[in-house]
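Listed below are the residues making up each chain.
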Amino acid sequence: MNKFLLGGLAALALVGVVPAMAQTVEFTVINNSSVDLHYFYTTPSNDNNWGEDLLGDTGILEAGYQATATIGDGSDQCLYDFRFVMSDGSELVEPAIDICELGSYTIND
């Protein structure tokens, strides 16, 4: 059973400049860990600010489930940093993930 991540980060304010190759990317997030995922943040690797939680205000990706994540922030970047915050308070930060080539990402214990 899939649970859907609420996608669509807020559009990046680029002082009126729109990237020529802006993209929307979808991939599967697989929670293969023993705890629920409560927050999932992303940001282009060349940016220092995390975007909004892709799970939204009420979203949780339970242990053992998978969901589709959508990044549609208007960026033309392929390298993104991921930040996962689990229900037990643990955090996993993965730098420089190539979302242009990513079909799925698995969270493990």
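Here, every reference points to the structure presented above.
Residues numbered from 1 in each chain as written. Predicted model: local features only at pLDDT ≥ 70, side-chain atom pairs only at ≥ 80, totals over all residues. Heavy atoms only, no water.

K.L.:
Mind showing me how you'd approach the overall build of the protein chain here?
P.N.:
When you go through the protein chain residue by residue, the secondary structure sums to 0 helices and 6 strands. When the 109 residues of the protein chain are sorted by exposure, 34% land in the buried category. Contacts spanning at least 24 positions in sequence make up 70% of the contacts within the protein chain whose residues lie at least 6 apart. Working note: accessible area of the protein chain is about 6100 Å², and carbon and sulfur atoms make up 49% of it. (Helix = DSSP H or I, 4+ residues; strand = E, 2+ residues; numbered from the N terminus. Buried < 20%, exposed > 50% of the residue type's maximum accessible area, 1.4 Å probe, protein only. Contact = heavy atoms within 4.5 Å. Areas by Shrake-Rupley, 256 points an atom, 1.4 Å probe, with all protein chains shown as cover.)

K.L.:
How should I be thinking about the side chain of S75 in this particular structure?
P.N.:
Secondary-structure assignment places S75 in the loop between β3 (66-71) and β4 (79-86). Accessibility expressed as a relative area gives 5% for S75, which makes it buried.

K.L.:
What should I look at first to understand the nonpolar core in this one?
P.N.:
The tendency in soluble globular proteins is for nonpolar side chains to be buried side by side. In terms of nonpolar packing, the biggest core is built from 21 residues, with F27, V29, L37, F40, F82 and F84 touching the most fellow members. Contributions of two or more residues to this core are made by β1 (25-31), β2 (37-44), β3, β4 and β6 (104-107). Take this core: its biggest share by element is 4 residues, from β4. In this structure, F27 is in contact with F40, A67, T68, A69, I71, F82, L102, G103 and S104, ignoring residues within four places of it in sequence. (Core = buried A, V, L, I, M, F, W, Y, C linked by side-chain atoms within 4.5 Å.)

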